[in-house]
Amino acid sequence: MATPDREWDPDESLTSLQSTLEEMLIRLEEVESVMIATKQSTSHAKENIDAILSKKDQIYKMCKKIDDLEYFIDIVENNLSALTKQVETAEKELGISDNRIASLLKNVLFRTKSTQKEEQQGTNQPFVPIEVFRTEDFFKNSENQ
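What you are looking at is a predicted structure, and each value in this text was computed from that prediction instead of being measured.

Caption draft 1: Highlighting the environment of Phe133. Along the chain, Phe133 falls in the loop between helix H4 (113-121) and helix H5 (135-139). Not counting chain neighbours up to four residues away, the residues in contact with Phe133 comprise Phe72, Ile75, Val76, Asn79 and Phe138.

What follows is the structure, encoded as structure tokens:
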């Protein structure tokens, strides 16, 4: 650049312009490499999205099976809870303690006449089993799937 003390030097201007152009070319190459990497990443992402979308029906079927299994587990838990209550009630009525074998043998071998009379009079309510699930109702189509 020309200053009052110096004259304009065309070589210096050209050198400055050339270095600026080289820096711009370097930046353009960097932008080009970023664009190529982005295009490749986008291509891989699109392939992955397409693969996921192609499995959508299978994913929905699997989710349905999981939901059905959770429902089945809830029913089994409820049935088990009801059966546990019935067993506890029966144990209480029969006088069976934690030492079940000893208590059972004691009740069977050493029955008193009053216990036998109570049983004959029907003071105990008759046993009514609970309605328990049928496995076939839940897994009838599992062979076909």
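Caption draft 2: Molecular detail of the pattern of salt bridges. Inspection of every chain in the model, using the stated rule, returns five salt bridges. Between Lys46 and Asp50 there is a salt bridge, with its nearest N and O atoms 3.4 Å apart. Placement of both Lys46 and Asp50 in helix H1 (residues 10-54) is noted, with a separation of four residues, approximately one turn of the helix. By relative accessible area, which is 52% here, Lys46 ends up exposed. Three or more residues joined by partner-sharing salt bridges are found here, namely Arg134, Glu136 and Asp137.

Caption draft 3: How the structure looks around helix H2 (residues 56-94). Over its 39 residues, H2 runs 57 Å from end to end, which matches the ideal 57 Å to within 8%, given 1.5 Å per residue. Taken as a whole, H2 has its buried residues at Phe72, Ile75, Asn79 and Glu91.

Caption draft 4: Structural detail: a nonpolar patch on the surface. A surface patch of nonpolar side chains, amounting to about 400 Å² of accessible area, comprises Leu14, Leu17, Leu21 and Met24. Counting through the fold element by element, Leu21 comes out in helix H1.

Reading the values: rules and limits
Residues numbered from 1 in each chain as written. Predicted model: local features only at pLDDT ≥ 70, side-chain atom pairs only at ≥ 80, totals over all residues. Heavy atoms only, no water. Helix = DSSP H or I, 4+ residues; strand = E, 2+ residues; numbered from the N terminus. Contact = heavy atoms within 4.5 Å. Salt bridge = Lys/Arg side-chain N within 4 Å of Asp/Glu carboxyl O. Buried < 20%, exposed > 50% of the residue type's maximum accessible area, 1.4 Å probe, protein only. Expected span 1.5 Å × (residues − 1). Patch = residues over 30% accessible without salt bridge, like charges linked within 9 Å, V, L, I, M, F, W, Y side chains within 5 Å. Areas by Shrake-Rupley, 256 points an atom, 1.4 Å probe, with all protein chains shown as cover.

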